[in-house]
Amino acid sequence: MGNSYAGQLRTTRFEEVLHNSIEASLRSSSVVPRPVFSQLYLEPEQRHGPQNEGHVENEEDDDEDGSESNSPPIPYQMKPPPEGSCTTDGFCRAGKDLRLASMSAECVDVPTGFLLVGAKSPSIPDHILVCAVDQRFLPDERGRNALLGFSGNCVGCGEKGFRYFTEFSNHINLNLTTQPKKQKHLKYHLLRSAQGLLVKGPPICWKGINGRVRQTSTVASAEETPAAPRTNDPLASSASAGPGPNSASCTDLNGHLQASEPSLPMTNGSHISASQQPLPQAGLAAYGPGRLTVIGSIANTGPPKKRHKGWSPESSGPSEVQRPAPSSTVSATKSADSGTSGFVGQGSSALFPPGECVTVPDNLLQICGLQPVIFKGHGALPRLCGNTGEVLVNTRLQVCYRGSHTLPRIYEQHRASSIQPLSTEMQVLLTIYYLVQLAPDQVPLMEDLEQILMRSWRESHLTEIRQYQQNHTQFPTPILGLAQPLTSSQLPWLAKLATSSCGESVLVLDTAPSLAEALDDTFQRLLEGRLSQTHYVVIICMGRSQETESCVVVTGKHQTRALAESMICPNDCMREIEQELSTGMTAELEASFSSAGPDEDLEAVLEKASPETTSPPAQGCRLEHAGEPVCAEYRVAWHEIRPIQLAVARKLLSHVCAIADSSTHNLDLGSFDKVEFLICVPPSEVTFQQVVRHLWSSGVLQELGLNQDGSSAKGAEQYVVKLDQTAVAKINDLIQKSKLNPYTLFILVHDHAHWDISSEEHGRLMGDPSSGLVDSLLNCRQIQEAANILILHVTSLPFALQTQNTRISPYNEIHWPFNNDVDLYHEKTKYFGVSELLESTRSGNCLPLLRFDSSFESMVAALEERFPKLHSAVIRTQVLLRHYCMALLATAGGQAQLQKHTSVETLEMVQCLLGVTGSCGERHGHMLLLRIPFPPLAARAHRRLSRVRDLLGLHDRFEVVLGDPASGIIVGEHFLNQLKIWLKIQDPDWTPSTYLELEALPCILIFTGMDPMGESLPRSLKYCDQRVLSCCALQRTALEQELGLAAYLVWAEPRNEHRPPPSSDLSESDPDKPSSTDNEEEEPVLDVNSALPGTDHSQNPQADSSPHKQHKVTLHQAAVRGDTTQAHSRSSKSTSPGSSSTPGSPLRYSCSWARDLNRPPVVLLPKALYDLITTADSSGLPKSTSFLPHASVEWDSSFRPLLSKMMTCTEQSLYYRQWTKPTAQHMDSSNRAEGRHDSFHPRRLLLSGPPQVGKTGAYLQFLGILSRMLIRLMEVDIYDEEDINCGSELEAGHYHQPAASWPDADAVRGMPFHFTIHDPKYEDISAIYSPDSALNAERNPRRQEDVYLRRRTARIKLSKYAAYNTYHHCEQCHQYMGFNPRYQLCESTLHAFTFSHLLLGEEIQLYFIIPKSKEHHFSFSQPGGQLESMRLPLTSDWNPDCIKSPIFTPTTGRHEHGLFNLFHAMDGASHLHILVVKEYEMAVYKKYWPNHIMLVLPTIFNGAGIGAAHFLIKELSYHNLELERSRRVEHGSRPQDVWPFIILADDSCVMWNAVEIDPKSGTMESERNVSLKQVLQHMESCPDITQYGLCGVRKWSSQGLRPGQRREPFSRGHLHDFLLLNVDLTQDVQYNQNRFTCDDVDFNLRVHSAGLLICRFNNFSVMKKQIAIGGYRTFIIKTKMTDVPTTVQPSQYVCAPDSKHLFLATPAQLLLEKYLQHTSQRLFPLSADNCDHPVLSVDCYLNLGPEVTVCFVSSRPHSINISTAAVLFSGLLLYFCDSFVTPGFLKKFQFLKGATLCVICPNRSALRQTVVRLELEDRWRFRLSDEFQTANAKEDQPLFFLTGKHI
């Protein structure tokens, strides 16, 4: 394709097409320019057609640059480097660093005639390599006069004389894959900055300023913009096109850094859309004399190819077509002057002289009436000198440009297509488009411009990717050529064309050679008055480095004032206003207001106004109107809690519990027994008193036990602190208290948390003691590290606390539920906030609640232009006061002609203020809020309005209250008496301290202070006048907190109209704030004089906005039409026939205050804020939501999405956490510097909710329920049941002294064994027969399931010696539990242990899980080898800090709730504790108890009951005893010296108690909690302890101790739950491994029958905690068909053998025990309720139900049995009889005739053998139908039993 250029310029209709395209773009609603360039370029020449017929091409010319051809690049093979040379990228072959970043500060020796240039290597695209090249072989700034060939030197190693670029590229390690070309790889000139650093300069202009359009992408790099694919949409905007290509010519016009702006981003490329339609070719076009305007391509302006001969700089290429220049288009644009405006060529690339400056003329403000604002743009702004105080320089535009230059990291890594930011020229052009579209009264917003730039870039980027993918999928369709990017020479012309439709509002200056000269020209134009109609001057010039430089000078009076005031900080603004007021600068303004009309003086009118003629007598007090009725609608409801507040409080509590339950263990709730708190509020006296009274009335202090005297609110003041210097002492006291009381949880509530977020360092630098105080107090190290201090931030505007450096975890945020969720909480009120205010402006059937005053704005605008030196707040305040004075005179002064000097809105508010008091007997009225942020202006307004009121005799009609945060509320005596009467206050010294206490008081509240500080307003607030607000501080927090003053709670449903309506709550969280039940048609007539106009409709955005066409209606007419302000605020209306009201019906309430209680206030805003808030962005949200959240934060990137309308509060939080970062003055700016991986503070919560919604009540309720929960955590449900079957056996005997410490073995042998069971949990089992037992025959038995659910419990506070579950995480327990956040979980090893037992039939392999820290309790064959035994101490060993007996705790299903933490119970004593778990639960127990030893039962016992666990524990312990004896013998000890005891403890034993005995009288005095260590050591120290087979303690009961009672200290009977078992003496007595229930009763009986001693220590007791989860008593009966529990009757637990019956998936033993328990009265009919004839049970005890009595006998030789010679038994139970049961043994017992026999065996064969062996058929009759089996399948091994009758 040779030297042909795709994209030739078309001259026909060029000017017309370009102008019409831009004009259409300006008229469109989109702010993104239309695709103006798509019609200006031709299709590339490879599309053959008539357009390029006859055009000569030289295909060989493509060899010069492979990137300019569609053909694939020619492969290039470099020569191998010499051996030993360096091949590292960025270094030369000699190993010298050539990267610009490394050599920028080095001094480089450059020979004469050589220039430093930058080369690009594709392998390191982020770096530039420094080279020295002979300037003769480089082109000039126009791309010409470059000789063919190359000559260069290496600046690294100094080697010179490289004559070929191929040789040079190899030396500097470019590592190319294509033929090296100097035009392709030598990219930039390198220059020295003012600091002497070597920096990247302008690009080398190969082949002219605008070269050919590349048809394939070059190597992608951060500094290059490859060709973007063409788009198929001819209407695509320029912002949606791909980035323009880089040609071989110079297209990077802003890549060079200015010396004074080293941080200016370096960019390249453009975002002008590509050519879309094939157009005729055109040649070079020159516009205007002396100006070369290159729009398309310049044909062959570069040096010739190597094969071209005879070329000269003046010659043209063969394809160049000369055409006459078209007519000039300067007349269609607004030119800066009559001269030519063209590209100013620079002879050199030097920087601006550092000393160049611009002199600001004197008296600029005086002459022009404005203070110009200069927006820095591109390039270095020259230094200003002279009268610099009257010119402001703003950098926000420059920051906006830089933000759009900085691509996100995700795009920097994008390789599918080259993505480049917007070029400098495109940024300037888009800025001009934006300024042109601004209205005359609009102020430019950088947020809008930023979104325009981002949208343009984003659409271009998306289009590029889409076209890239399409072009690749349509291969081999050739990739079409692209249009030329926007260049610096095109920019001025297009900029003027863009401004042609806006008149003179935007002026473009482009002729000056520098910014300095252009600024000087601008100042001269201002002085000459030539810019009176111009709002913005855009300066564009070409810098000496050939970079486009720009700035914007704001010259509009309204715009400069707004921008100047926005650049002043609040403190400076306050000082400026104070200076204006104190120096008399407002005198002229006040003089202009002194005239009420053309011939009247305002002061004279006020003096003439007579109170007798203007107002009724001052008799507003109800006491002076005895004949008037008392207002029946007034009622005050104090701080009633709404359901939604309780729900939020519970959410707070759940988050606190989540912190405690987390694995980090940052909060141990179980260790706290008390809650204390401190509430921090902003330094507002009203807010302080408001929170104090809310706290006092909430009852939280009494609930927490912090205020014993609840009669006065003074006691609550010590728990609320204002964040001023007085807070330092309070916070320090809190820190000290937290150290002294580690078991108290301190809650630090930071209310209104967005108020002060400045850092301590910033406050110190600013010299403001109040700034940064929150940071120094709440973020101090003592607060953060205190484990018992939890911080709760409460705010309505959390955005500034949600940054990238926030201290609050997103999981610790609690957001208030939306209005849509109130039905979930049965809420009767609906919140009316900012979104509802905005919705009212869009509703067409009601008057908007959000309005602006056009008359007020017009007067303000005129005065601002007249008085440019006065602050706008001063002017607005004066205009506001004038309006109110005139409205008062017109309404109450009889001066109706003065209505024209005030606005309709002001007149309406004054009429409402004065009119409502006449309709109520007690003169209830409304509040009118005047928001004046600056205290000096508020004080002046207070004085002025009070004076006018008094002169008009209205001092008894309404009050004027100054609401200053620094002082309290002052109310006149007359209104003070009224408030006392209404609130029924008897205190003579009482004064209102909160605005809530001004409920129903007719008043004007002048609310001052730079920011609201959380003050709540009463429900009588009718109007919120915010017309004085500044329109400059455009942050979301600042805007929304002002609108939040009007937030309101309305009733979501109509109230009962016959019920007297409740009145206001003095709290923001009042649930019963009353609402009106009247319909929309019942809008009250508020005006006093019915002829006065009503509401102005001009504020409606749909209405005519002209101030001269105001549609005025009276409020009465509005009421008749139904145009009320609350149609949208009520969710339902009364629709019953009796509740509807016609327009002419009387009002339901006589008191206007009561009628309006359910109507939110009307808000008046400045016009600029109104337009800003009511305008929605592309996401549908108000534009204010896209503003910066706070002045102390900044956006992380301009490439951020907008907030979505569908975002939840949580998603908004994540949005701000991702896209905002704190500035240096933010208190969170240093949070990342603390070195933590996670910067979130673990004990910090954030509660956010809209203003006035009830957050105070919610967090106060949270404090209460948190305290109750801690008390609940410190208390447990203890079984508190009296012993059953109590008789004389509990009375004091003569076996031991009452004060005896240990039992005497001989005395215990002489004591009778009490067969009767006294444990209440066994109330439903069969009684055990004994001759001397006194059974209660009339007892009312209950089923076991009923007993389990209904057992009596007592709430007992845990002592310091309690056992805990896994939720306890105190510091002392961390090592014991194995949890330590700093270390990994402790390591454990698994050891197998094998032993055999006769009853098991085979060897059993058990597994021990032994932590490394517990291995010293075991003996191994070698370290880490085979487990041999568990070490046991000797009997003679004694250690006061050690427990000798191993503790075994069988457990199932209680890995979380089992009380296995014995650290506190043992009082730190060393002990061996082993958890016995089932195999399938091993993992979960190991997870929760990593530092505990575990004994894992074999797999066959996964479905077994408690008997199997007890059996294996006992047998394993005996086997281990034998092993330990063998080991001890080897060490010289005797076998009998080894300690033979173990402890069997239930997993619900929580505390232990000891009874104090009076040593003299022997009576019981008290019972106290003791440690388990004390109990065990006392029992282990008992003399002759080895003579006892079983020892235990009694079960605790609150009725068990009767002071003064004498009781036997030891007894002999049944033991449960906590046993000291001698495995040596009981080796022949085993637990029944098959049992599920009553295995301990069965074991006790068999131990006693074996002649072993059983002793219970009655002076010790164990408390058992009620745990409803898990345990061995949880039985599940389910069928084989389904795996879910089903209801199966006990009679179905058994069936006949070989029958078709529903089989159950339940162990056979459990089915048998449950069957016998529930059906034994039918199985043993003679035994039911017949205790004299019990059922004889041989060698076992089975529960036959409470109706049957069982007599236990043992068949073992030498066993001890009761005498049964005289007893006739009603039945015989034989369970798994062994060989000790013989026919002779059974013949010893006598049975009743018809007695029942039940023989139970493991199978049918054993059943028949037993019958035969015992000769049962001789005395018992059997039938075939008397044989049964448990309802188990054959594979489940059912049990069989046979019944018979005694003959």
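Just so it is clear, the model here is predicted, and its values are computed rather than measured.

## Description of the overall build of the chain
Across its full length, the chain holds 45 helices and 54 strands. The burial tally for the chain puts 60% of its 1847 residues in the buried class. Restricting to contacts in the chain with at least 6 residues of sequence separation, those with at least 24 account for 76%. Entry remark: accessible area of the chain is about 73,000 Å², with carbon and sulfur atoms responsible for 52%.

## So, the nonpolar core
Ile432 and Ile1006 are the most contacted members of the largest nonpolar core, which has 141 residues in total. In terms of residue count, the dominant contributor to this core is helix α26 (residues 872–892) (14 residues). In contact with Ile432, other than residues within four places in its own chain, are Ala495, Ala498, Thr499, Val508, Val538 and Ile540. Phe1420, Tyr1518, Leu1704 and Val1767 belong to the second-largest nonpolar core, a separate cluster that totals 112 residues.

## Focus on helix α12 (residues 557–566)
Burial of α12 is extensive: seven of the 10 residues sit out of reach of the surface. Residues of α12 that are buried include every one of Gln559, Thr560, Arg561, Ala562, Leu563, Ala564 and Glu565, and no others. Against the buried residues of α12 lie β7 (373–378), β9 (392–394), β11 (536–542), β12 (548–554), α25 (854–866) and α26.

## A few points about the sheet that holds strand β17 (residues 813–815)
Strand order in the open sheet made by the six strands is β14-β13-β15-β16-β30-β17, with parallel pairing throughout. One side of each edge strand has no neighbouring strand; the edge strands of this open sheet are β14 (720–722) and β17. Between one strand axis and the next, the sheet turns by 20° as a mean value, whatever way the strands run. Examined bridge by bridge, β17 and strand β30 (residues 1244–1248) share three bridges and lie parallel to one another. For Glu813, the partnering residue across the bridge sits in β30 and is Leu1246. Its contacts with the sheet place helix α35 (residues 1255–1274) against β13 (674–681), β15 (744–751), β16 (789–795) and β30, and it is angled at close to 175° to β15.

## Quick word on helix α41 (residues 1572–1580)
Within α41, seven of the nine residues are buried, which leaves the element mostly enclosed by the surrounding structure. Turning to α41, its buried residues are Leu1572, Lys1573, Val1575, Leu1576, Gln1577, Met1579 and Glu1580.

## A word on the pairing of strand β10 (residues 506–509)
Alternating positions in β10 separate into two faces, Val506 and Val508 on one and Leu507 and Leu509 on the other, with burial throughout. Of the strand pairs in this sheet, β10 and β11 are connected by four bridges, and their pairing is parallel. Bridge pairing links Val506 to Tyr536 in β11. As a crossover connection, the stretch from β10 through helix α11 (residues 515–528) into β11 is right-handed.

## Focus: unusual backbone geometry
The phi torsion at Cys1638 lies on the positive side, around 55°, for a residue other than glycine. As for its placement among the helices and strands, Cys1638 is situated in the loop between β46 (1618–1622) and α42 (1639–1649). You will see that Asp1739, though not glycine, has its phi angle at about 65°, which is positive. As for its position among the elements, Asp1739 is in the loop between β49 (1735–1738) and β50 (1749–1753).

## Examining the packing of aromatic side chains
What the rule picks out here adds up to 28 aromatic pairs. On the basis of an interplanar angle of 45° and a centroid distance of 5.1 Å, the ring pair of Trp1539 and Phe1541 is categorised as tilted. Members of the aromatic cluster, joined through ring pairs, are Phe1769, Phe1785, Phe1789, Phe1791 and Trp1820. One residue, Arg1200, lies across the ring of Trp1195, its end atom 3.8 Å from the ring centre. Taking the ring centre of Trp1539 as reference, the NZ or CZ of Lys1444 above it sits at 4.0 Å.

## Digging into the pattern of salt bridges
In the structure shown here, the tally under the stated rule is 62 salt bridges. Here Asp853 makes a salt bridge to Arg1027, at a shortest N to O gap of 2.6 Å. With Asp853 in the loop between β19 (850–852) and α25 and Arg1027 in the loop between β23 (1021–1025) and α30 (1036–1043), the pair connects residues that are 174 residues apart, well separated along the chain. This pair shows no difference in class: Asp853 is buried, exactly as Arg1027 is. A salt bridge links Lys1167 to Asp1171; its shortest N-O distance comes to 2.4 Å. Remark: Asp1171 and Lys1167 occur in helix α33 (residues 1167–1174); sequence separation between them is four residues, near one turn of the helix. Residue class for Lys1167 comes out partly exposed when judged on its relative accessible area of 23%.

## A short note on the packing of α26 against helix α27 (residues 904–915)
Two elements in contact, α26 and α27, have axes separated by 9 Å at closest approach and are oriented at 55°. In this view, α26 runs oblique relative to α27, as classed from their interaxial angle. Judged by the twist between their axes, the crossing of α26 over α27 is right-handed. Across the interface between the two elements, His883, Tyr884, Ala887, Leu888, Ala890, Thr891 and Ala892 from α26 touch Thr906, Leu907, Met909, Val910, Gln911 and Leu914 from α27. Its residues placed into classes, the contact of α26 with α27 shows nine nonpolar, four polar and no charged.

## A look at the side chain of Asn1622
If you trace the backbone, Asn1622 turns up in strand β46. For Asn1622, a relative accessible area of 1% gives the class buried. Among the polar contacts made by the side chain of Asn1622, one reaches the main-chain carbonyl oxygen of Thr1586 at a distance of 3.1 Å. Here the side chain of Asn1622 touches Asp1624 through a polar contact of 3.0 Å, landing on its backbone nitrogen. Beyond its immediate stretch of four places on either side in the chain, Asn1622 contacts Pro1540, Phe1541, Thr1586, Tyr1588 and Gly1589.

## Notes on the state of the cysteines
By the definition in use, this model includes zero disulfides. Cys1777 forms no disulfide, and the closest cysteine sulfur to it belongs to Cys1801, at a distance of 6.7 Å.

## Some details on the confidence of the model for the chain
Per-residue confidence for the chain averages 78 on the pLDDT scale, and 75% of its residues sit at or above 70. In this model, residues 1–14 is a region of pLDDT below 50 whose contacts with residues beyond four sequence positions or in other chains number 65 contacts. Low pLDDT, under 50, characterises residues 613–629; the predicted model gives this stretch 31 contacts beyond four residues in sequence or across chains.

Conventions we followed
- Residues numbered from 1 in each chain as written.
- Predicted model: local features only at pLDDT ≥ 70, side-chain atom pairs only at ≥ 80, totals over all residues.
- Heavy atoms only, no water.
- Helix = DSSP H or I, 4+ residues; strand = E, 2+ residues; numbered from the N terminus.
- Buried < 20%, exposed > 50% of the residue type's maximum accessible area, 1.4 Å probe, protein only.
- Contact = heavy atoms within 4.5 Å.
- Areas by Shrake-Rupley, 256 points an atom, 1.4 Å probe, with all protein chains shown as cover.
- Core = buried A, V, L, I, M, F, W, Y, C linked by side-chain atoms within 4.5 Å.
- Pairing = 2+ DSSP bridges.
- Axes fitted to C-alpha atoms, helices over the stretch in contact; angles between N-to-C directions.
- Right-handed = clockwise from strand over helix to strand, strands pointing away.
- Phe/Tyr/Trp six-rings, centres within 6.5 Å; stacked < 30°, edge-to-face > 60°.
- Lys NZ or Arg CZ within 6 Å of the ring centre and 35° of its normal.
- Salt bridge = Lys/Arg side-chain N within 4 Å of Asp/Glu carboxyl O.
- Parallel < 35°, antiparallel > 145°, perpendicular 65-115°, else oblique.
- Left-handed = near helix turned anticlockwise from the far one by under 90°.
- Nonpolar A, V, L, I, M, F, W, Y, C, P; charged D, E, K, R; others polar.
- Polar contact = N/O pair within 3.5 Å; in protein donor to acceptor, adjacent residues only side chain to side chain.
- Disulfide = S-S within 2.5 Å.
- pLDDT = per-residue confidence, 0-100.

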